[in-house]
Every structure is written in structure tokens, then in C-alpha cells.
Amino acid sequence: MTEVIIVRDEDEAGGIYARCVGDLIARRPDCVLGLATGSSPLAAYRALAALVRERGLDVSRVRGFALDEYVGLDPGHPQSYRSTIDRTVVRPLGLDPALVHVPDGDPAGVRDAGRRYDEAIGRAGGVDVQILGVGTDGHIGFNEPGSSLGSGTRLKTLAERTRIDNARFFDGDVDRVPTHCITQGIGTILRARHLVLLAFGEGKAEAVAESVEGGVSSFCPASALQLHPHATVIVDEAAASRLRNRDYYRYAYAHKPAWQGI
Ligand code: GLP
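S.K.: Looking at this model, I keep getting lost on the nonpolar core. Mind explaining?
M.R.: For soluble globular proteins, the rule of thumb is that nonpolar side chains tend to be buried together. In terms of nonpolar packing, the biggest core is built from 68 residues, with Tyr17, Leu197 and Val235 touching the most fellow members. A per-element tally of this core places helix 1 (residues 10–27) first, with eight residues. Each residue touching Tyr17, except ones within four places of it in the same chain, is listed here: Ala44, Tyr45, Leu48, Val129, Ile131 and Val196. Counting nine residues, the second-largest nonpolar core is a separate cluster that includes Tyr70, Leu158, Ala167 and Val177.

Here you go:
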């Protein structure tokens, strides 16, 4: 079963993620983190950065792979996912930028970039913990509804809904949001050893309910988490509001032995 943890707010969710990843870094200083952009993981990155400082963890060998990148946006553009990951993860945590990878959104190499990226993840030994947000239409990474559940990293066309959702990062101008992206596939994401999906607010309630309690379907890419042996979904009350089984999730988490972690 996908574990669902209902929390008060993003900071509590961030603390849970930070403890999980902090313990991983302490155990395995060259672990591989799967990184995501968007607003949902921000509190988690802040909590992890604070914990790294507090526990004096050595992060010099931690490796990272981001989920996705816009195609045709200069990597130095403030809204490129390369810049976003540098700003929200690499610098606050003090990671070695050379060890943190983002798919190559250069249109010139895009035909081959996906295969190369999946091979690089494979050579690194796979992702240990993949953090995920979810789009209002149930997308993970940039795998829009209809994406093959077995897909590898590849070029995708962004849905109009996603471009509208992301226009806020481009001064509200949807025409400036790129039309294409390169994203880890659902098959790629499912190969990570632990998936942690974070979702907050009423706007995500439908997508969360579909993902966790709906049928597994390429029309809700996040429902692929149901196929994963170790998936954790951390949501606030608003994002949990359409889950039918939420009393059970609360009960199960309250009775979970602390040594199990997440
Ligand atoms: C973008 C990203 C996704 C992210 C989603 C939700 O489309 N490619 O990885 O999960 O936005 O974003 P937010 O967390 O800001 O709601």
C-alpha cells in the first residue's frame, strides 16, 4: 500500500522528509537523491538544509538527479530547472554542483538526451529517494496524462493546463512558458528505491485522491505510485480532503513503530 501521512502543514512534511534523507546521508554519504522543482518540495529542502547544518552531515559526495527540464530555455535562465535546482537545493544544502544532474534541454541534443540521462542514473546505481510533487492533472515530473507507465526519460509536449499553472513563474505570461520539456519517464521514476510525494492545498485534493485511491491509469500518472513497493504520500488536511480512507491512514501512522521510519 502507498503510505499516506496527513500532516498539519508543509513544515511538518518537510521535517519528515528531512529526517528520512538525513539518515540516508549519514548511512551512505554518496547516496543519490531524486530532485523535483515546483513549490511543493521547498519546505522539505529547507528542512533538510537545516538538518544537514545541525547534524554536521558531510554532503560533499551526495549525488542528485532532477526530474525534468524545459526544452529551449537557456540553463542560465532563472526559471530553467537547472537554475531552480541550484537555487533551492544545491546551494542551500552545499552540494557539489558537478554531482547534481538535470536533463539537457538543449533542442540540438534532445533526441538522445533521455537515453543518456537514464544511462547516467543507471551508472550512479539508481536513485535512493525521489521527491515528487503532483500537478493538478495528476502529472509527475512532466509526465502528462496519457504518458506510458513504462516510459523512460524523453521529450514531451506540455499540456495547456500545466503551462497555465506554471505561467506564474513567467510573470503570469503563459506564452513565455516553453511548449516542450524533457522529463524522467514514469518507468524511470518507478525505478527509484523510495518515492516521497508531497502535496498541499485544496487544489491538489482531486489529484491526490485519484492517485492514491483511483485505478492505476496512465490518465493519472501519479497513480503509478500504487505499483511501487515503497511509496510515501505526505499531504496536509486540505490535500487529503477527498481521500475516502483518511481515518485509516491517520490511525496507521499514529500506530507505526518509530523504528520503521517512512
Ligand atoms: C511542475 C513540475 C512538477 C511539479 C508540478 C507541481 O509541473 N514539473 O515536478 O510537481 O509542477 O508544482 P507545485 O509543487 O508548484 O504545485
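After that view of the structure, there is still more to cover.
S.K.: Please clarify how the site of the ligand should be interpreted in this entry.
M.R.: In the region of the ligand, 14 residues are neighbours, and Ser39, Ser40, Asp68, His139 and Lys204 sit closest. Note that an oxygen atom of the ligand is positioned 2.6 Å from one of the side-chain N or O atoms of Ser39. Coverage of the ligand by the protein amounts to 94% of the 400 Å² it exposes when considered alone. Looking at the shell around the ligand residue by residue, the classes come out as three nonpolar, eight polar and three charged.

S.K.: I'm lost on the sheet that holds strand 4 (residues 68–70) in this one. Help?
M.R.: Sheet strands pair via backbone hydrogen bonds, and the direction of the pair is either parallel or antiparallel. If you walk across this open sheet you meet the three strands as 4-8-7, and the pairing is antiparallel. At either end of the open sheet lies a strand with only one pairing partner, and these are strand 4 and strand 7 (154–157). Strand-to-strand twist in this sheet, taken as the mean axis angle between neighbours without regard to direction, amounts to 30°. By the bridge criterion, three bridges tie strand 4 to strand 8 (residues 180–183) in an arrangement that is antiparallel. Note that in strand 8 the partner of Glu69 across the bridge is Ile182.

S.K.: Whenever I open this one, the pattern of salt bridges confuses me. Can you help?
M.R.: Any two side chains of opposite charge can pair, on the condition that their charged atoms come close. What the rule picks out here adds up to 17 salt bridges. Between Asp30 and Arg63 there is a salt bridge, and its shortest N-O distance comes to 3.8 Å. Of the two residues, Asp30 sits in the loop between helix 1 and strand 2 (32–35) while Arg63 sits in strand 3 (residues 63–66), which places them 33 residues apart along the sequence. Using a relative accessible area of 26% as the deciding quantity, one classes Asp30 as partly exposed. Note that Arg242 is salt-bridged to Glu206, the shortest N-O span being 2.5 Å.

S.K.: Is there a simple way to explain the sheet that holds strand 6 (residues 129–132) in this structure?
M.R.: Read from one edge to the other, the open sheet built from seven strands follows the order 1-10-9-6-2-3-5, with strand pairing classed as parallel. Edge strands, defined here as strands with exactly one partner in the open sheet, are strand 1 (3–7) and strand 5 (100–101). When strand 1 meets strand 10 (residues 231–236), the two strands line up parallel, connected through five bridges. Counted as the bridge partner of Ile5 is Ile234 from strand 10.

S.K.: Would you take a moment to explain the packing of helix 2 (residues 42–55) against helix 3 (residues 81–93) for this structure?
M.R.: Packed helices, taken two at a time, are described by the angle between their axes plus the distance between the axes. Where helix 2 contacts helix 3, the axes come no closer than 9 Å and their chain directions differ by 5°. The angle between the axes of helix 2 and helix 3 places the two elements in the roughly parallel class. Here helix 2 contributes Leu42, Tyr45, Leu48, Ala49, Val52 and Arg53 to the contact with helix 3, which in turn contributes Thr88, Val89, Pro92 and Leu93. When the residues that make up the contact of helix 2 with helix 3 are grouped by side-chain class, the tally is eight nonpolar, one polar and one charged.

S.K.: I tried to follow the packing of aromatic side chains on my own but got confused; where do I start?
M.R.: In this description, an aromatic ring pair is defined by two values, namely the gap between the centres and the angle between the planes. Enumeration according to the criterion identifies six aromatic pairs in this entry. The interplanar angle of 50° and the centroid separation of 4.8 Å between the aromatic rings of Tyr70 and Tyr81 together place this pair among those described as tilted. Taken together, the positions of Tyr70 in strand 4 and Tyr81 in helix 3 put the pair 11 residues apart, joining distant regions of the chain. Of the two residues, Tyr70 and Tyr81, both sit in the buried class. Cluster of aromatic residues (ring-pair linked, three or more members): Tyr70, Tyr81, Phe142 and Phe170.

S.K.: It is not clear to me how the packing of helix 1 against helix 2 should be interpreted in this structure. Could you clarify?
M.R.: At a minimum axis separation of 7 Å, helix 1 and helix 2 run at an interaxial angle of 45°. The pairing of helix 1 with helix 2 is recorded here as oblique in orientation. Between helix 1 and helix 2 the crossing geometry is right-handed. Side by side, helix 1 and helix 2 meet where Glu10, Asp11, Gly14, Gly15, Tyr17, Ala18, Arg19, Val21, Gly22, Asp23 and Ala26 of the first sit next to Ala43, Ala44, Tyr45, Arg46, Ala47, Leu48, Leu51 and Arg55 of the second. Its residues placed into classes, the contact of helix 1 with helix 2 shows 10 nonpolar, three polar and six charged.

What counts, and at which threshold
- Residues numbered from 1 in each chain as written.
- Predicted model: local features only at pLDDT ≥ 70, side-chain atom pairs only at ≥ 80, totals over all residues.
- Heavy atoms only, no water.
- Core = buried A, V, L, I, M, F, W, Y, C linked by side-chain atoms within 4.5 Å.
- Buried < 20%, exposed > 50% of the residue type's maximum accessible area, 1.4 Å probe, protein only.
- Helix = DSSP H or I, 4+ residues; strand = E, 2+ residues; numbered from the N terminus.
- Contact = heavy atoms within 4.5 Å.
- Near = heavy atom within 4 Å.
- Polar contact = N/O pair within 3.5 Å; in protein donor to acceptor, adjacent residues only side chain to side chain.
- Areas by Shrake-Rupley, 256 points an atom, 1.4 Å probe, with all protein chains shown as cover.
- Nonpolar A, V, L, I, M, F, W, Y, C, P; charged D, E, K, R; others polar.
- Pairing = 2+ DSSP bridges.
- Axes fitted to C-alpha atoms, helices over the stretch in contact; angles between N-to-C directions.
- Salt bridge = Lys/Arg side-chain N within 4 Å of Asp/Glu carboxyl O.
- Parallel < 35°, antiparallel > 145°, perpendicular 65-115°, else oblique.
- Phe/Tyr/Trp six-rings, centres within 6.5 Å; stacked < 30°, edge-to-face > 60°.
- Left-handed = near helix turned anticlockwise from the far one by under 90°.

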